[in-house]
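Each chain is listed here by its residues.
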Amino acid sequence: MWLLLPLAVAFGSAALTYSLMRDKVDIAVAEERQQTVEARALLEAQKESFEERLIALRELARCQAQLEFVTGQSPVNLEPKLLESSYLPSR
């Protein structure tokens, strides 16, 4: 009897410690997953913004090339703020 009591206490302590540590790891994994979801959402938003800006810059370059062809002078000499404000998305 006296030999089984310490073994039972040791087994109970080990089971309790295992359960607590497993819960702690589960919480850490859940927090990490939440951070990953937030990071992916941020990256997706940045990707969409980048793609929109890229399209706008391509359109601006095309329009500048057309202006240069039509006027014979570089669009840089023309009002650059007027050109950019028409084609770049507002920030």
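A quick note: this is a predicted structure, and the numbers were derived from the prediction, not measured. (Residues numbered from 1 in each chain as written. Predicted model: local features only at pLDDT ≥ 70, side-chain atom pairs only at ≥ 80, totals over all residues. Heavy atoms only, no water.)

Turning to the overall build of the chain, a few remarks are in order. Regarding its fold elements, the chain presents two helices and zero strands. Taking all 91 residues of the chain together, 5% fall into the buried category. Total accessible area on the chain is roughly 8,200 Å²; 64% of this is exposed by carbon and sulfur atoms. (Helix = DSSP H or I, 4+ residues; strand = E, 2+ residues; numbered from the N terminus. Buried < 20%, exposed > 50% of the residue type's maximum accessible area, 1.4 Å probe, protein only. Areas by Shrake-Rupley, 256 points an atom, 1.4 Å probe, with all protein chains shown as cover.)

Here the focus is a nonpolar patch on the surface. A contiguous nonpolar surface patch, about 550 Å² in accessible area, is contributed by M1, W2, L5 and V9. When you line up the elements, W2 lands in the segment before α1 (4-71). (Patch = residues over 30% accessible without salt bridge, like charges linked within 9 Å, V, L, I, M, F, W, Y side chains within 5 Å. Salt bridge = Lys/Arg side-chain N within 4 Å of Asp/Glu carboxyl O.)

Okay, the pattern of salt bridges next. The final tally for this structure, using the stated rule, is one salt bridge. E59 is the salt-bridge partner of R62, the closest N and O atoms lying 2.5 Å from each other. Taken together, the positions of R62 and E59, both in helix α1 and three residues apart, correspond to about one turn of that helix. A relative accessible area of 39% places R62 in the partly exposed class. Using a relative accessible area of 29% as the deciding quantity, one classes E59 as partly exposed.

We now examine α1. For α1, built from 68 residues, the straight-helix expectation of 100 Å at 1.5 Å per residue is met to within 8% by its first-to-last C-alpha distance of 99 Å. Considered for burial, the residues of α1 that qualify are A56, L60 and C63. Among the residues trailing α1, G72 stands out with phi positive, at a value near 80°. (Expected span 1.5 Å × (residues − 1).)

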